[in-house]
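# Working through the structure, step by step
Each chain is listed here by its residues.
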Number of protein chains: 2
Amino acid sequence: MLDALGDPTRRAVFERLRKGPLPVGEIAKGLPVSRPAVSQHLRVLKGAGLVRDRQDGNRRLYSVDPNGLETLRAYMDRFRDEALVSFKKAAEREGGEG
Amino acid sequence: MLDALGDPTRRAVFERLRKGPLPVGEIAKGLPVSRPAVSQHLRVLKGAGLVRDRQDGNRRLYSVDPNGLETLRAYMDRFRDEALVSFKKAAEREGGEG
DNA sequence: ACTTACCGTAAGTCATGGCTAACCGAGGGC
DNA sequence: GCCCTCGGTTAGCCATGACTTACGGTAAGT
């Protein structure tokens, strides 16, 4: 999941889909890599559950997968909550003895 | 930022700090890599603003940086919001013409 | 049917970066 | 002062994976 977002180019691909579905060629346009490279990134993103694809005549439209987005958010929130709790505990401990 | 969380081992290091501050040796214990490897991961995490460190006598205590956590959350939320908005738009378009 | 546009896949190259081993400095206990 | 623990840094090795080139397959247009 986060593995997939580790690569900057792949993150750029992902972020390009933020505004809505795009065909592969359109995604590749403006990126400093070839179209096959984009295809490979899309495969990884799809494997991670972050994007979906749908056939549209000649082209293939990729879009952000809302499920993946929620999973990501859930992971982040959980982590954040636990970290903040232990932070608060540490602060209390500090206050109690300081 | 997300680059730093791309590596599984580094993510494991990061997640170990979720419960509170830990010295390097303690983090390395239980991980399948050597202590220097952990040190290197911590350097990257620190560079990304995800962890902080504080000297504690002989040891060095690492902990999650709440600022980094907020930055991460802000990035995620913004992305998510934009994606969901364009999703809703697409659904309306679909509904309008279907 | 021929051509053109779109795209996924395979093979091969090459740089990135994660890991270990070895070294060094700093702090604390005796 | 000596020793031991803790941990950051470096050098060097090596696997991972990102990228390009070349190819094949499908859909639309004429």
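See the structure printed just above.
What you see is a predicted model; the values in this text were computed from it and never measured.

Attention now moves to the protein's contact with DNA strand D. With respect to spatial proximity, 23 residues lie near DNA strand D, and among them Ser34 and His41 of chain A together with Gly25, Ser39 and Arg60 of chain B are the closest. In the model, a base oxygen of DNA strand D is placed 3.0 Å from a nitrogen or oxygen of the Arg35 of chain B side chain. Counting residues per element, the ones that place at least two in the surface near DNA strand D are α1 (8-16) and α3 (35-47) of chain A together with α2 (24-28), α3 (35-47) and β3 (59-64) of chain B. Among the elements that make up the surface near DNA strand D, the one with the highest residue count is α3 of chain B (5 residues). Grouping the amino acids of the surface near DNA strand D by side-chain chemistry returns 7 nonpolar, 10 polar and 6 charged.

Here we come to the sheet that holds β3 of chain B. Residue and element names in this part refer to chain B. Pairing is antiparallel across the open sheet formed by 3 strands, whose spatial order is β1-β3-β2. What marks the edges here is a single partner per strand, and that holds for β1 (22-23) and β2 (51-56). In the sheet, β2 pairs with β3 via 6 bridges, with the strands oriented antiparallel. Across the sheet, the residue bridging to Arg54 is Leu61, located in β3.

Right, let's get into the packing of aromatic side chains. This structure, assessed with the given rule, holds 2 aromatic pairs over all chains. Plain terms: the ring middles of Phe14 of chain A and Phe79 of chain B are 4.7 Å apart, the flat faces sit at 20 degrees to each other, and that makes the pair stacked. Taken together, the residues Phe14 of chain A in helix α1 and Phe79 of chain B in helix α4 (residues 66-97) connect one chain to another. Classification of Phe14 of chain A as buried rests on a relative accessible area of 3%. Using a relative accessible area of 6% as the deciding quantity, one classes Phe79 of chain B as buried.

A few words now on the sheet that holds strand β1 (residues 22-23) of chain A. Pairing between the strands of a sheet is mediated by backbone hydrogen bonds and can be parallel or antiparallel. Residues and elements named next belong to chain A. Spatial ordering of the open sheet is given by β1-β3-β2, a layout of 3 strands whose pairing is antiparallel. Each edge of the sheet is formed by a strand with only one pairing partner; in this case those strands are β1 and β2 (51-56). Summarising the sheet, β1 and strand β3 (residues 59-64) pair through 2 bridges and their orientation is antiparallel. Residue Pro23 lies in a different strand from β3, and its bridge partner there is Leu61.

Rules and cut-offs
Residues numbered from 1 in each chain as written. Chains lettered and ligands numbered in written order. Predicted model: local features only at pLDDT ≥ 70, side-chain atom pairs only at ≥ 80, totals over all residues. Heavy atoms only, no water. Near = heavy atom within 4 Å. Polar contact = N/O pair within 3.5 Å; in protein donor to acceptor, adjacent residues only side chain to side chain. Helix = DSSP H or I, 4+ residues; strand = E, 2+ residues; numbered from the N terminus. Nonpolar A, V, L, I, M, F, W, Y, C, P; charged D, E, K, R; others polar. Pairing = 2+ DSSP bridges. Phe/Tyr/Trp six-rings, centres within 6.5 Å; stacked < 30°, edge-to-face > 60°. Buried < 20%, exposed > 50% of the residue type's maximum accessible area, 1.4 Å probe, protein only.

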